[in-house]
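# Coordinate inspection notes
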Amino acid sequence: MRTVLERALDALTPSHIKTIRYLIGVDGGGTGTRLRLADLDGNLLGQGEAGPSALGQGVEQAWHHIQQALQAACRQAGLDSLNLAECAIGLGLSGATVAAQAQAFMRIQPGYAHVVLDNDGYTTVLGAHGGAPGAVVAAGTGSVGEALRADGSRVMSSGWGWINGDEGSGAWLGLKAMRHAQQALDGRVPAGLLARAVWAFAGSDRETLLAWCASAAQHGHARLAPLVFENAAHDPVAQGFVGEAVAELERLALALDPQGQLPLALCGSVALRLAPHFSESIRARCVAPQGDSAAGALLLIRGALTEMGS
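Residues numbered from 1 in each chain as written. Predicted model: local features only at pLDDT ≥ 70, side-chain atom pairs only at ≥ 80, totals over all residues. Heavy atoms only, no water.

## Concerning the overall build of the protein
Scanning the protein from terminus to terminus reveals 13 helices and nine strands. Taken over C-alpha atoms, the radius of gyration comes to 20 Å for the protein, in line with the 19 Å a tight globule of 310 residues would show. Its C-alpha atoms put the protein at 70 × 45 × 35 Å along the principal axes. Looking at the protein as a whole, 51% of its 310 residues qualify as buried. The long-range fraction of contacts in the protein, counting pairs at least 24 apart against all pairs at least 6 apart in sequence, stands at 65%. By element, 52% of the accessible surface of the protein is carried by carbon and sulfur atoms, the whole surface being about 14100 Å². In the protein, 21 positive and 27 negative side-chain charges are present, and the distance between their average locations comes to 2 Å. (Helix = DSSP H or I, 4+ residues; strand = E, 2+ residues; numbered from the N terminus. Rg over C-alpha atoms; globule rule 2.2 N^0.38 Å. Buried < 20%, exposed > 50% of the residue type's maximum accessible area, 1.4 Å probe, protein only. Contact = heavy atoms within 4.5 Å. Areas by Shrake-Rupley, 256 points an atom, 1.4 Å probe, with all protein chains shown as cover. Lys, Arg positive; Asp, Glu negative; His and termini not counted. Charge placed at Lys NZ, Arg CZ, Asp CG, Glu CD.)

Below, the structure written as structure tokens:
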């Protein structure tokens, strides 16, 4: 099966390249969108942020927030507006591996000269290792692991979505915290600090908790994750959830690179918070990321243009 990048390159011709004046890199997930605007040499002109652009939350919303982030970057760069026909955009978006979502997103692109779409795990790898081989375990609202091997092949693990997977992520921790709070409300388990913190945040009776869960979705549940961390020192249930998250992310790292040959970067608020609890063997492989997913998205689009122009 050909990748999204390979299919997108088919649409680019040298004549398109000559019209491009600006490069845009986008990192989009379930919590927010981060965008970088650069010139053709990769010099940063401006940055912008907006709401979530995970494709699973809707492709129209994704483009809306991407355009909002672009407007913010233009303001920072001192530009009134951009002609999208002079812009090439690389996007690392959560949900891009779902073909139907990716196709729907690409169908309504608002007029960019060229669009390259891939998943946010891959752009995170590119950004973290500057385009060189390496592995990334990213855990924030969701979780995913991806590695770029020396032979150019890619491997991805986790990233199955917040309901069925994304183990070790903020939403995963939030789901566990909510289930525990519900069980405590029933009297099935003791009501400790974590359960009471969830009640204070989301509601302390059945009707209120059910209403909260019905509207919370991925981002809402991820907002419960800080309660797990805040109570871990004094609540054994919260401490256990933290330990489970560490174990899940370590399994993810090992699945990506069983021999431990690639440098490993940890990205995302949850992964960074859990990093001190990782085993010595995993910590020994860790390197500081060179850049973030938005920087990786800029590398993605620059690489596409370079390949077509050569």
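## A few points about the environment of aspartate 151
Mapped onto the elements, aspartate 151 comes out in the loop between β7 (143-148) and β8 (154-158). Residues aspartate 151 and glycine 90 lie 61 residues apart in sequence; the distance between their C-alpha atoms is 23 Å. At 2.6 Å, the side chain of aspartate 151 and the side chain of serine 153 are in polar contact. (Polar contact = N/O pair within 3.5 Å; in protein donor to acceptor, adjacent residues only side chain to side chain.)

## Side note on the sheet that holds strand β4 (residues 87-93)
Read across the open sheet, the five strands follow the order β3-β2-β1-β4-β5; overall the sheet is mixed. Two strands lie at the open edges of the sheet, namely β3 (44-50) and β5 (114-118), each paired on one side alone. Ignoring strand direction, the axes of neighbouring strands in this sheet form an average angle of 15°. Across five bridges, β4 lies against β5 in parallel orientation. When the bridges of β5 are listed, leucine 91 appears paired with leucine 117. (Pairing = 2+ DSSP bridges. Axes fitted to C-alpha atoms, helices over the stretch in contact; angles between N-to-C directions.)

## Section: the pattern of salt bridges
Scanning all chains against the criterion turns up 10 salt bridges. Here aspartate 257 makes a salt bridge to arginine 285, at a shortest N to O gap of 3.3 Å. A residue pair is termed long-range when its members are at least 10 positions apart, and aspartate 257 in the loop between α10 (236-256) and β9 (264-267) and arginine 285 in helix α12 (residues 280-285) qualify at 28 residues. Across this residue pair, the class does not change: aspartate 257 and arginine 285 are buried. Each of the salt bridges in this network shares a partner with another, and the network as a whole consists of Asp118, Glu146 and Arg154. (Salt bridge = Lys/Arg side-chain N within 4 Å of Asp/Glu carboxyl O.)

## Points about the environment of cysteine 213
The topology assignment puts cysteine 213 in helix α8 (residues 206-222). For the pair cysteine 213 and alanine 202, spaced 11 residues apart in sequence, the C-alpha separation works out to 8.5 Å. Those residues within four positions of cysteine 213 in sequence are excluded, and the remaining contacts are Met178, Gln182 and His221.

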